[in-house]
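# Examination of the molecular architecture
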Amino acid sequence: FRDKPTSAGFDSFALNIDGNTVDAVRRGGIDLSLVNTAVGAFSITNNQVTGVEDGPALTPDAISVSLIGTNVAQEATNVLRKSFIEGNLIGVSAAGAVGQISRNGIFFTAQEASEVQDLQIRNNTIQNLLGNGIAFDRQDKATLHTVNPESDQVRAVTIANNSVTLAAQNGISLNVQN
């Protein structure tokens, strides 16, 4: 893909999480939270998350991204710009070693008045889960927008070319509620 985030500019963050191995952890494998008014972009690529153990109440997802608010008097207005979750191995290593994920392979939630722009979830291999392969949750007034699309992108969120096997729940779960 072209035009991946490389400079924070006026954004709160621009993250590149690439090529990491995470195994036998007690909470989430990779956990990113945008809280209240965060603005930025990320690329989570080519990571291996093979073992996440904990009770479901503690969100032991392999990869978790949350746009949330903590201020009761004001709604969250986080903005996630063009971001990528691509080429990750979840629940299995490149050598074929199997691990178990206690909840979801990839979990994404946008709440309150947060905005998601051009999110790509592609080409991930996801196996051995006690939850969903990919869980996408949009709540309240959170919005999804196409702003700076990839050449083959036609929607604000693209979930494509992922392989999900051995999930105790759904392969891909989409939940939208106001």
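Residues numbered from 1 in each chain as written. Predicted model: local features only at pLDDT ≥ 70, side-chain atom pairs only at ≥ 80, totals over all residues. Heavy atoms only, no water.

This paragraph deals with the environment of Asn 78. Relative to the helices and strands, Asn 78 resides in the loop between β6 (63-68) and β7 (79-80). Taking relative accessible area as the criterion, Asn 78 reaches 0% and is therefore assigned buried. Expressed as a C-alpha distance, the spacing of Asn 78 and Ala 113, which sit 35 residues apart in the sequence, is 7.4 Å. Discounting residues that sit within four places of it in the chain, Asn 78 has contacts with Leu 34, Val 35, Asn 36, Thr 37, Ala 38, Leu 67, Ile 68, Ser 114 and Glu 115. Side-chain polar atoms of Asn 78 contact the backbone oxygen of Leu 34, separated by 3.3 Å. (Helix = DSSP H or I, 4+ residues; strand = E, 2+ residues; numbered from the N terminus. Buried < 20%, exposed > 50% of the residue type's maximum accessible area, 1.4 Å probe, protein only. Contact = heavy atoms within 4.5 Å. Polar contact = N/O pair within 3.5 Å; in protein donor to acceptor, adjacent residues only side chain to side chain.)

Overall, parallel pairing links the five strands, which are arranged β2-β5-β9-β13-β17 in an open sheet. The outermost strands of the open sheet, each flanked by one partner alone, are β2 (21-22) and β17 (163-167). (Pairing = 2+ DSSP bridges.)

Turning next to the pattern of salt bridges. With the rule as written, the count across this model stands at three salt bridges. We note a salt bridge from Lys 141 to Glu 75, for which the minimum N-O separation is 2.8 Å. In this pair, Lys 141 sits in the loop between β14 (134-139) and β15 (143-145) while Glu 75 sits in the loop between β6 and β7, placing the two residues 66 residues apart along the sequence. With relative accessibility at 33%, the residue Glu 75 sits in the partly exposed group. Two residues, Asp 152 and Arg 122, come together in a salt bridge whose shortest N-O distance is 2.9 Å. (Salt bridge = Lys/Arg side-chain N within 4 Å of Asp/Glu carboxyl O.)

Put simply, side chains in a regular strand alternate between the two faces of the sheet. Residue alternation in strand β8 (residues 83-86) divides its side chains into two sets, Ser 83 and Ile 85 and Phe 84 and Glu 86, and both sets are buried. Alignment of strand β4 (residues 39-45) against β8, held across three bridges, turns out to be parallel. Each residue of the ladder has a partner; that of Ile 44, found in β8, is Ile 85.

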